[in-house]
Amino acid sequence: MIANVDTGLLPEVQAFLDGSPLASFVGGENVESSDGSTFATYDPGSMNKLADVAELQAADVARAVDVADEAFRTGPWAKLPPNERSALLHRLADEVEKRLPIIAQIEALDAGKIEAQAQGDVQNFIATMRYYADLAQHVNRRTTLAVKGHEAWTVRHPWGPCGFIFPWNFPLLLVGWGISPALAAGNTVVIKPAEDTPLSTLYLARLAKEVGIPDGVINVVTGTGPGAGAALSSNPNIKRMSFTGSPEVGRLVAESCGRNLVPVKLELGGKGAAVVFEDVDIAQTAERLVGAITFHTGQVCCDATRWLVHKNIYDRFVSECVNRLKAVRIGYQLNDASQMGPVVSQKQRERVLGYLERGQSEGAECLLEGGAASVDGFSGHYVKPALLAGSLDNVAAREEIFGPVAYLAPFSSEDEAIELTNRTDYGLANSVWSSDLGRAARVAEALCAGNSWINAHNVFAQGVPYAGINKSGMGGGVLSVETLFDYYRSLSVVRPL
């Protein structure tokens, strides 16, 4: 039994943790590693162990893919009418909604999220699953083609078993973004959650069985990236692959999929910019951008971590942001008074602190000193928000830090703002801030990225594509009908007349 890490835990959460060691979930059954190995997952806010989890080996992952393949070929899921699949996905969404406080607390414990933010992630999962469950009912899977001298049509079919490797920053939300369109289209899935944050995905898989989703449709393989993750991405029986994480690991996944000629979607890192013109409401814009880099302690790939501010308001904007960041309450994630929790691990804290040190050693000006933070009664992985400024050639301006850190630089004109924003290898998301909406739209359209937002940052509306380019990945979609279409293969049928 794992000791109760906090007296405020819900009884259902404690009961789930008391099931440690927690098995993977394959074919509707709990599955241990073939060699009996496990790994531990910890609460980053207290450093207490939450649970031991099965560490699956390559052979175990291969079996999970075989189970998903068999469930696709011989089971009922792919053959169900879309409305019947939709009903089961809605039932799963309903069950997640009923248990929202439980799942959110599991997510908050495992990922270090402020509990209210974790609740928002669970709500996002619910909405995403319902969105794709409904959308799939309206897809025209057979399209007649007007071709002279021929009878011709195309038909869409699900691919088969689809593999997913997810990161630790938004475990359940990203599972929803990934598997919802795949399942709605009739595919089966094998999910490899991050070893730092496997708990909510394991809980979800068990709920899926309870609501009647057939065995083998949703499978979860827990383990390390080099072990279970590599085994999943290189398995030739996977028909489509999706990876969310760092560009470095994304390249490895793409190489594995390339050898097997398996289509792959990569949603990778970012170094987004916020372009702030001189006509903004300074206090309001500062509030929103401070909120963006402190949300989930800055562990957000599409965040605005480069702030390009018009020279006429630069000093006032910096002062406003510094004052607001100094007031951010850092604390344990289950404390309602906390505004920013820990980063996910000691490794991640060392990464953030290391970039602050390297950035300043390369000449960056420290506008607000960050560093390690302490929280009374908790020995977790806490850091302070930080602001740096200077040349955009600085390592802290070029590379993704993944913490509550922004890098500032002034600009004088639209053209300069566009040039500075596009001076990056990444291409995920930027935002433009101005009361002149014509100018904002003009600049937003000129930025090299998959997404541009106006007078807001981190905007995810269902029906709007969200994807990256360049070092931020490829594959497109995520929240739109295009993503659903990704999970159908197209077949052309032709008869000469």
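You'll find the structure just up there.
Engineer: For this particular structure, what's the right way to read the overall build of the protein chain?
Structural biologist: Scanning the protein chain for helices and strands turns up 16 helices and 22 strands. Against the globule reference of 23 Å for 497 residues, the protein chain gives a C-alpha radius of gyration of 23 Å, in line with a compact fold. The principal-axis extent of the C-alpha atoms belonging to the protein chain is close to 70 × 70 × 40 Å. A buried classification covers 58% of the 497 residues belonging to the protein chain. Per element, the accessible surface of the protein chain, about 19100 Å² overall, is 50% carbon and sulfur.

Engineer: Which parts of the structure should I look at to understand the packing of aromatic side chains?
Structural biologist: For any pair of aromatic rings, geometry is given as the distance between the ring centres together with the angle between the planes. Applying the stated criterion across every chain yields a total of 13 aromatic pairs. Geometrically, the ring pair formed by Phe16 and Tyr203 is edge-to-face, given 5.3 Å between the ring centres and 85° between the ring planes. Placement of the pair is Phe16 in helix 1 (residues 11–17) and Tyr203 in helix 7 (residues 199–210), with a sequence separation of 187 residues. For the residue pair Phe16 and Tyr203, the accessibility class agrees, reading buried in each case. Counting every residue linked through ring pairs, the aromatic cluster contains Trp177, Trp453, Phe460 and Tyr466. Sitting over the face of the ring of Phe170, Lys113 holds its NZ or CZ atom 3.7 Å from the ring centroid. In this structure, Arg439 is placed above the aromatic ring of Phe277, and the distance from its NZ or CZ to the ring centre is 4.1 Å.

Engineer: Help me understand the environment of Ser256, please; the structure alone is not making it clear to me.
Structural biologist: Relative to the helices and strands, Ser256 resides in helix 9 (residues 247–260). Given the relative accessible area of 12%, Ser256 is considered buried. Along the sequence, Ser256 and Leu232 sit 24 residues apart, while their C-alpha atoms lie 9.5 Å from each other.

Engineer: Honestly, the packing of helix 2 (residues 58–74) against helix 8 (residues 225–233) in this entry has me stumped. Any pointers?
Structural biologist: For any two helices packed against each other, the geometry comes down to the angle between their axes and how far apart the axes lie. The interhelical angle for the contact between helix 2 and helix 8, taken along N-to-C directions, is 40°, at an axis separation of 8 Å. The angle between helix 2 and helix 8 places the two elements in the oblique class. In terms of crossing hand, the pair formed by helix 2 and helix 8 is right-handed. Of the residues in helix 8, those touching helix 2 at Ala58, Val61 and Val65 are Ala228, Ala231 and Leu232. Among the residues making up the contact of helix 2 with helix 8, the classes are represented as six nonpolar, no polar and no charged.

Engineer: Teacher, can you tell me more about the state of the cysteines here?
Structural biologist: Where two cysteines share a covalent bond between their sulfur atoms, that bond is called a disulfide. Enumeration according to the criterion identifies zero disulfides in this entry. Here Cys257 is not disulfide-linked; the sulfur of Cys162 is the nearest cysteine sulfur, at 11 Å. A residue is classified by how much of its surface remains accessible, and Cys257, at 1% relative accessible area, is buried. The thiol of Cys366 is not disulfide-bonded; the next cysteine sulfur, from Cys321, is found 14 Å away.

Engineer: Help me understand the sheet that holds strand 19 (residues 429–433) in this model?
Structural biologist: Strand pairs in the sheet, formed through backbone hydrogen bonds, run parallel or antiparallel to each other. Strand order across the open sheet formed by seven strands is 14-17-18-13-12-19-20, with mixed pairing between neighbours. The sheet terminates laterally at strand 14 (365–368) and strand 20 (451–454), the two strands that pair on one side only. Averaged over neighbouring strand pairs, the angle between their axes works out to 25° when direction is ignored. Note: strand 19 against strand 20, four bridges, orientation parallel. Residue pairing in the sheet places Ser431 in a bridge with Trp453 of strand 20. Most of the contacts of helix 10 (residues 282–294) go to strand 13 (residues 304–310), to which it runs at about 160°, and overall it touches strand 12 (272–276), strand 13, strand 18 (405–411) and strand 19.

Engineer: Can you walk me through the pairing of strand 7 (residues 161–165) in this structure?
Structural biologist: Remember that side chains alternate between the two faces of the sheet whenever the strand is regular. Taken across its five residues, strand 7 has five buried, putting it largely inside the fold. Residues Pro161, Gly163 and Ile165 point to one face of strand 7 and Cys162 and Phe164 to the other, with burial holding for every one of them. Both strand 7 and strand 8 (residues 188–192) contribute to a ladder of five bridges, which runs parallel. Each residue of the ladder has a partner; that of Phe164, found in strand 8, is Ile191. In this region the chain leaves strand 7, passes through helix 6 (residues 171–184) and returns to the parallel neighbour strand 8; the handedness of that crossover is right-handed. As defined by bridge partners, strand 7 adjoins strand 10 (residues 240–244) across four bridges and the pair is classed as parallel. Its bridge partner lying in strand 10, Phe164 is registered against Ser242.

Engineer: I would appreciate a short explanation of helix 5 (residues 115–135) in the present structure.
Structural biologist: Owing to its 3.6 residues per turn, the α-helix aligns residues three or four sequence positions apart on the same side. Compared with the 30 Å implied by 1.5 Å per residue over 21 residues, the 30 Å span of helix 5 between its first and last C-alpha is a close match. Taken together, the buried positions of helix 5 are Glu115, Gln117, Ala118, Asp121, Val122, Phe125, Ile126, Thr128, Met129, Tyr131, Tyr132 and Ala133.

Engineer: Please clarify how the sheet that holds strand 22 (residues 488–496) should be interpreted in this entry.
Structural biologist: Strand order in the open sheet made by the three strands is 5-6-22, with antiparallel pairing throughout. If you trace the sheet from one side to the other, it starts and ends with strand 5 (142–147) and strand 22, each paired once. For this sheet, the mean angle separating the axes of adjacent strands, direction not counted, is 20°.

Engineer: How should I be thinking about the packing of helix 10 against helix 11 (residues 314–326) in this particular structure?
Structural biologist: At a minimum axis separation of 9 Å, helix 10 and helix 11 run at an interaxial angle of 50°. In this view, helix 10 runs oblique relative to helix 11, as classed from their interaxial angle. In the crossing of helix 10 with helix 11, the sense of the turn from one axis to the other is right-handed. The segment helix 10 lies against helix 11, with Ile282, Ala283, Thr285, Ala286, Glu287, Leu289, Val290, Ile293 and Thr294 engaging Arg316, Phe317, Glu320, Cys321, Arg324 and Leu325. Of the residues in the contact of helix 10 with helix 11, the class split is nine nonpolar, two polar and four charged.

Engineer: I would appreciate a short explanation of the nonpolar core in the present structure.
Structural biologist: Soluble globular proteins tend to pack their nonpolar side chains together in the buried interior. If you look at the biggest cluster of nonpolar residues, it comprises 83 residues, and the most contacted ones within it are Leu92, Val96, Ile179, Leu183, Leu199, Ile213 and Ile218. Broken down by element, this core gets its largest block of residues, nine residues, from helix 6. If near-sequence neighbours (up to four positions away) are discounted, Ile179 is found in contact with Met129, Phe164, Phe166, Val189 and Ile191. Judged by nonpolar contacts, the second largest core, of 27 residues, contains Val275, Phe277, Phe411 and Ala444.

Rules and cut-offs
- Residues numbered from 1 in each chain as written.
- Predicted model: local features only at pLDDT ≥ 70, side-chain atom pairs only at ≥ 80, totals over all residues.
- Heavy atoms only, no water.
- Helix = DSSP H or I, 4+ residues; strand = E, 2+ residues; numbered from the N terminus.
- Rg over C-alpha atoms; globule rule 2.2 N^0.38 Å.
- Buried < 20%, exposed > 50% of the residue type's maximum accessible area, 1.4 Å probe, protein only.
- Areas by Shrake-Rupley, 256 points an atom, 1.4 Å probe, with all protein chains shown as cover.
- Phe/Tyr/Trp six-rings, centres within 6.5 Å; stacked < 30°, edge-to-face > 60°.
- Lys NZ or Arg CZ within 6 Å of the ring centre and 35° of its normal.
- Axes fitted to C-alpha atoms, helices over the stretch in contact; angles between N-to-C directions.
- Parallel < 35°, antiparallel > 145°, perpendicular 65-115°, else oblique.
- Left-handed = near helix turned anticlockwise from the far one by under 90°.
- Contact = heavy atoms within 4.5 Å.
- Nonpolar A, V, L, I, M, F, W, Y, C, P; charged D, E, K, R; others polar.
- Disulfide = S-S within 2.5 Å.
- Pairing = 2+ DSSP bridges.
- Right-handed = clockwise from strand over helix to strand, strands pointing away.
- Expected span 1.5 Å × (residues − 1).
- Core = buried A, V, L, I, M, F, W, Y, C linked by side-chain atoms within 4.5 Å.

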